[in-house]
Amino acid sequence: MPSSYLCNMSKKVRVRFAPSPTGGLHLGGVRTVLFNYLFARQHDGDFIVRIEDTDQNRFVKGAEAYIFECLQWCGLNPDESVLQGGPYAPYRQSERKEIYRQYAEQLVKDGRAYYAFDTPAELERMRDLLKTKGSSSLQYDHHVRMNMNNSLRLLPEETQQLLDAGTPYVVRIKINPDEFVPFTDMIRGEISFDTNAVDDKVLLKADGMPTYHLAVVVDDFLMKITHAFRGEEWLPSAPVHILLWQYLFGLENMPQWAHLPLILKPDGNGKLSKRDGDRLGFPVYAMDWADPVTKEITKGFKEIGFLPEAFINLLAVLGWNDGTEQEIFSMEELIAKFNIEKVHKGGAKFDFEKAKWFNHEWIKKLDVSHYAERVKNIFESKGITIADDAYLKKVMELVKERCTLLPDFFTQGNFFFQAPATVDTTSIQPKWDEKKNMFFVELIKSWQLSTLWNSGELEISFKELAAANQLKTGELMLPLRLMLVGGKFGPGVFEIASAIGKESTIKRIEYTLALLQ
RNA sequence: GCCGCGUUGGUCAAGAGGUUAAGACGCCUCCCUUUCACGGAGGAAUCACGGGUUCGAGUCCCGUACGUGGUACCA
């Protein structure tokens, strides 16, 4: 059964992600991109990234390039953007400034918007007055606009005079009272707003830049966007956008809306913020973000050792699932199975433990050759240079089911490359005796002569020697592990001995033997 | 305050009037493994509350509570 939102199949699906370059790329932002991307791909549509940089005060240098790096890491590459261009360029709103003005003027001409000359101080005075009157609304709307300094109240000549004199002004939309603005949200169904609760939003700012409200509508039209997915925080301003569509381009050309649920903090309620991540010890941004002013670095999922596959996977199932028990999805599966109508309405608390579980699952099925370089770098940062790639891959294969995050390859595998820095003998020291000592002395002699150095042979000779000495194998396995690994963890001991080689094995046994004397 | 949206175990969630209310994470027990992990078996724990509608409500309706978002010349 074709879904209702696809009834007009004559139009090619086009979606967009429209971030503001103001800082790190938040989990919620990535999920918004992901849902857009998935929808575009499954409908053979286009995925556009448009930079919404209309607020010069909040612009942060480097943030735009950073966003694209994050998208690339996630594998969410746009079809059109400031990077590769496209038929609807420019894709940066600051470069489209003049386009928006035309539409603002058009709205004024049509009587759907007006010039407002109120200064910030005057606006403040208006709100203070409203407050003292006990008004339930502090909005600039039909209740107050005829008392304000705008082209609705002023005579046309007066307005023209102010305009000619270069008086700073904004353009505000004129919202009619007592109207209903209904629309269909792909996730929430029918939603209706009462215009009495919406204010005369500023469309064009005094600096000539559009606000989000004007820019999003104009650009979505010009760029032929068919489906607009954005965060739930935009729901309250949806009526403004819908009215703008109605006034400017016609409702029949308006994209289908979907307002995505928020990602909430793990404890308590509320939107997940960077602060929560810092406080609870997990990242909130996709990649490390270095604030250009404070130089402060905020950790990203990539840098703490998440796989992009896992990151995408965990984000996809935060607020969405396909109705089956499946939890592990590759990008291809997501493209095939994602359904925007099955996205939850309510926000989801972020659970870092579960996030790590996804990473663990993906590391278990990881193609080691794909990540050998990355792991090699981790080892190098810890002072271990790896020359033998084949050996590294073998080690990775041996320990990967024990790794949750990429750096775990170091903690789980460093003893394959160097003798353990410390050997914790506390658990064997009390029961250590001369008999055991002699066993290992003999074991060294025996292994020294061994020509077949593989785990099977090693295990057999070990057990035979134990039997000959009337010792239980079980009492000797842990000491051997401690000698080779330094702690109670890791793959099978004989596998380890086999991998690190005869010389290292014997050296490590001798070292701990001396320690135990 | 006003407007909107939401609410199934601790968390993510399945669920479209009739189910012993799936499954996953985390936690606990056991098995496997002479380590850890993986794997396997099991356990504790839930429909926010109150009214309706109905033979029957987690599912539909209305209230209430709680939460959350918005209420900027920010997006």
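Structure report, in brief.

Conventions adopted
Each chain carries its own residue numbering, running from 1 in the direction its sequence is written. Written order decides the labels, with chains lettered from A and ligands numbered from 1. In keeping with the model being predicted, local features are shown solely for residues with a pLDDT of at least 70 and side-chain atom pairs are shown and tallied solely at 80 or more, while totals for entire chains, interfaces and linings include all residues. In computing side-chain values, all of the structure's heavy atoms are included and hydrogens and water are not. Each axis is a line fitted through C-alpha atoms, and for a helix only the stretch in contact is used; angles between axes span 0 to 180 degrees, taken between their N-to-C directions. Every helix listed is a DSSP run of H or I at least four residues long, and every strand listed is a run of E at least two residues long, numbered separately from the N terminus. Angles are sorted into four bins: roughly parallel if under 35 degrees, roughly antiparallel if over 145, roughly perpendicular if 65 to 115, and oblique for all others. Crossing handedness is defined as follows: a turn of the near helix away from the far one that is anticlockwise and smaller than a right angle gives a left-handed crossing, while the clockwise case is right-handed. Contact definition: two residues touch when any of their heavy atoms are within 4.5 Å. Charged means Asp, Glu, Lys or Arg here, nonpolar means Ala, Val, Leu, Ile, Met, Phe, Trp, Tyr, Cys or Pro, and polar covers whatever is left, Gly included. Expected helix span is taken as 1.5 Å per residue step, with the number of steps being one fewer than the number of residues. With a 1.4 Å probe rolled over the protein chains alone, any residue whose accessible area is under 20% of its type maximum counts as buried; one over 50% counts as exposed, and the rest are partly exposed. Side-chain atoms alone can form a polar contact between residues adjacent in sequence; in general such a contact is a pair of N or O atoms within 3.5 Å, and within protein one must be able to donate a hydrogen while the other accepts it. One heavy atom within 4 Å of a molecule or strand makes the whole residue count as near it. Between 30 and 60 degrees the pair is tilted, below 30 it is stacked and above 60 it is edge-to-face, where a pair is any two Phe, Tyr or Trp rings, Trp via its six-membered ring, whose centres lie within 6.5 Å. The rule for a charge over a ring is simple: NZ of Lys or CZ of Arg within 6 Å of the ring centre, and within 35 degrees of the ring normal.

### Some remarks on the packing of helix H16 (residues 455–468) against helix H17 (residues 473–485)
In contact at an axis separation of 10 Å, H16 and H17 are set at 125° when each is read in the N-to-C sense. Considered as vectors, H16 and H17 are oriented oblique to each other. Read as a crossing pair, H16 and H17 show a hand that is right-handed. For the pair H16 and H17, contact is made by Phe462, Lys463 and Ala466 and by Thr473, Leu476, Met477 and Leu480, respectively. For the contact of H16 with H17, the per-class residue count stands at five nonpolar, one polar and one charged.

### Brief notes about helix H11 (residues 352–364)
For H11, with 13 residues, the first-to-last C-alpha span of 18 Å sits near the 18 Å given by 1.5 Å per residue. Of all the positions in H11, only Phe352, Ala355, Phe358, Asn359, Glu361, Trp362 and Ile363 are classed as buried. The residue sitting at the N-terminus of H11 and contributing the capping side-chain oxygen is aspartate 351; that oxygen lies 3.1 Å from the backbone nitrogen of glutamate 353.

### Quick notes on the protein's contact with RNA strand B
Around RNA strand B, the surrounding shell holds 60 residues, and the nearest of these are Lys205, Glu327, Glu401, Arg402 and Thr473. Per the 4 Å cut-off to the protein, sugar and phosphate atoms form 71% of the nearby atoms of RNA strand B. Within the contact set of RNA strand B, a phosphate oxygen lies 2.9 Å away from a side-chain nitrogen or oxygen of histidine 344. The separation between a base nitrogen of RNA strand B and a polar main-chain atom of glycine 474 is 2.8 Å. Here the surface near RNA strand B gets five residues from one element, more than from any other, and that element is H11.

### A closer look at the packing of H16 against helix H18 (residues 493–500)
Helix-helix packing is characterised by the crossing angle of the two axes and by the distance between the axes. Running from N to C, H16 and H18 point in directions that differ by 120°, and their axes come no closer than 8 Å. With respect to each other, H16 and H18 are oriented oblique. As H16 runs across H18, the sense of the crossing is right-handed. Of the residues in H18, those in contact with Ser455, Leu458, Glu459 and Phe462 of H16 are Phe494, Glu495, Ala497 and Ser498. Grouping the amino acids of the contact of H16 with H18 by side-chain chemistry returns four nonpolar, two polar and two charged.

### A word on the packing of aromatic side chains
Taken as a whole, this structure holds 33 aromatic pairs when the rule is applied. Summarising the aromatic geometry, the rings of tyrosine 391 and phenylalanine 417 are spaced 5.2 Å apart at their centres and angled 65° between planes, so their arrangement reads as edge-to-face. Residue tyrosine 391 is located in helix H13 (residues 389–399), and its partner phenylalanine 417 is located in the loop between helix H14 (408–413) and helix H15 (434–449); the two are separated by 26 residues in the primary sequence. The class of tyrosine 391 is buried, set by a relative accessible area of 17%. Taking the relative accessible area as the measure of exposure, phenylalanine 417 reaches 22% and is therefore partly exposed. Taking 5.6 Å as the distance between ring centres and 85° as the angle between the ring planes, the aromatic pair formed by tryptophan 447 and tryptophan 453 counts as edge-to-face. No difference in accessibility class separates tryptophan 447 from tryptophan 453, as the two residues are buried. Here the aromatic residues Trp73, Phe282, Phe301, Phe306, Phe311, Phe350 and Phe352 are joined through ring pairs into a cluster of three or more. Between the NZ or CZ atom of arginine 172 and the centre of the ring of tyrosine 140, over which it lies, the distance is 3.7 Å.

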